[in-house]
Structures are given as C-alpha cells and as structure tokens.
Amino acid sequence: MIAIIASVALCVIAVIGWLLLPADIRALFPLTHRLALLVILAFPIAVMAILASSYVRADDSGLRIRNALRVHLVPWGRVHKIILRPGDPWAQLL
C-alpha cells in the first residue's frame, strides 16, 4: 500500500512540476528528452514495486519466501526454529 501511495504521489509531483514550467521552457524539451524523463520516473516506481512484492507464505510443505525477484522454497525439515524476540522488526529463520 505504501509503494502504491508513494508511486502515485511521485507521478502527481512530476506532473505538477512539468505543468508549472513555463510553456516556452516545456517547448525546449524534444520528444527524446521527455521520454528520458519518463524512464527516470519509471525507475523508482519499478524499484518500489519490486520491493513491495516481497512476501513469506507458510503451508504444509514449508515456507515460500519471495525477496525482490527470487523465490526461496524452504521445507519444514530444514527449519530448526523461528525466532521473534520482543522488539525485533522481523522474525529470523534458523
């Protein structure tokens, strides 16, 4: 949810910034530069989408952990302990 809100806010800020430029300054940007600015805008949005797609799922066969672009399958036989101490930001898997 945070990645979606941040992406929308980034797009809105970019559009407002573009529209606040005087028309004669906007006319100085050729199409290739405008496309380059869109690619630069798309990069942080893509990074936020990749990071936001991480998850941990547990079922009878084990744990499925998606961290950025990789998926790790950990069967329960390899899991010794799951540690979550008070104050820890996330659990640790041994």
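For the structure itself, look to the data block above.
Let me begin by describing the structure that accompanies this report. (Residues numbered from 1 in each chain as written. Predicted model: local features only at pLDDT ≥ 70, side-chain atom pairs only at ≥ 80, totals over all residues. Heavy atoms only, no water.)

### Some points on the overall build of the chain
Each helix and strand counted, the chain has three helices and five strands in total. For 94 residues, the compact-globule formula gives about 12 Å, and the C-alpha radius of gyration of the chain, at 21 Å, lies well above that figure. Restricting to contacts in the chain with at least 6 residues of sequence separation, those with at least 24 account for 18%. Only carbon and sulfur atoms are counted for the fraction: they give 71% of the accessible area of the chain, which is about 7,700 Å². In the chain, 9 positive and 4 negative side-chain charges are present, and the distance between their average locations comes to 5 Å. (Helix = DSSP H or I, 4+ residues; strand = E, 2+ residues; numbered from the N terminus. Rg over C-alpha atoms; globule rule 2.2 N^0.38 Å. Contact = heavy atoms within 4.5 Å. Areas by Shrake-Rupley, 256 points an atom, 1.4 Å probe, with all protein chains shown as cover. Lys, Arg positive; Asp, Glu negative; His and termini not counted. Charge placed at Lys NZ, Arg CZ, Asp CG, Glu CD.)

### So, the side chain of Ser-7
Among the structural elements, Ser-7 can be located in helix H1 (residues 2-20). Side-chain polar atoms of Ser-7 contact the backbone oxygen of Ala-3, separated by 2.8 Å. Excluding residues within four positions of it along the chain, Ser-7 makes contact with Ile-45 and Met-48. (Polar contact = N/O pair within 3.5 Å; in protein donor to acceptor, adjacent residues only side chain to side chain.)

### Describing a nonpolar patch on the surface
There is a patch of nonpolar side chains on the surface, built from Ile-4, Val-8, Val-12, Ile-16 and Leu-20 and spanning about 490 Å² of accessible area. Tracing the backbone shows Val-8 in helix H1. (Patch = residues over 30% accessible without salt bridge, like charges linked within 9 Å, V, L, I, M, F, W, Y side chains within 5 Å. Salt bridge = Lys/Arg side-chain N within 4 Å of Asp/Glu carboxyl O.)

### Some points on the pairing of strand E2 (residues 62-67)
Looking at chain direction, strand E1 (residues 55-59) and E2 are connected through five bridges and run antiparallel. Residue pairing across strands places Val-56 opposite Ile-65, the latter belonging to E2. Joining the antiparallel neighbours E1 and E2 is a turn of two residues. Across six bridges, E2 lies against strand E3 (residues 70-75) in antiparallel orientation. Note that in E3 the partner of Gly-62 across the bridge is Pro-75. Following E2, the chain reverses through two residues before pairing antiparallel with E3; Ala-68 in that reversal takes a positive phi of roughly 60 degrees. (Pairing = 2+ DSSP bridges.)

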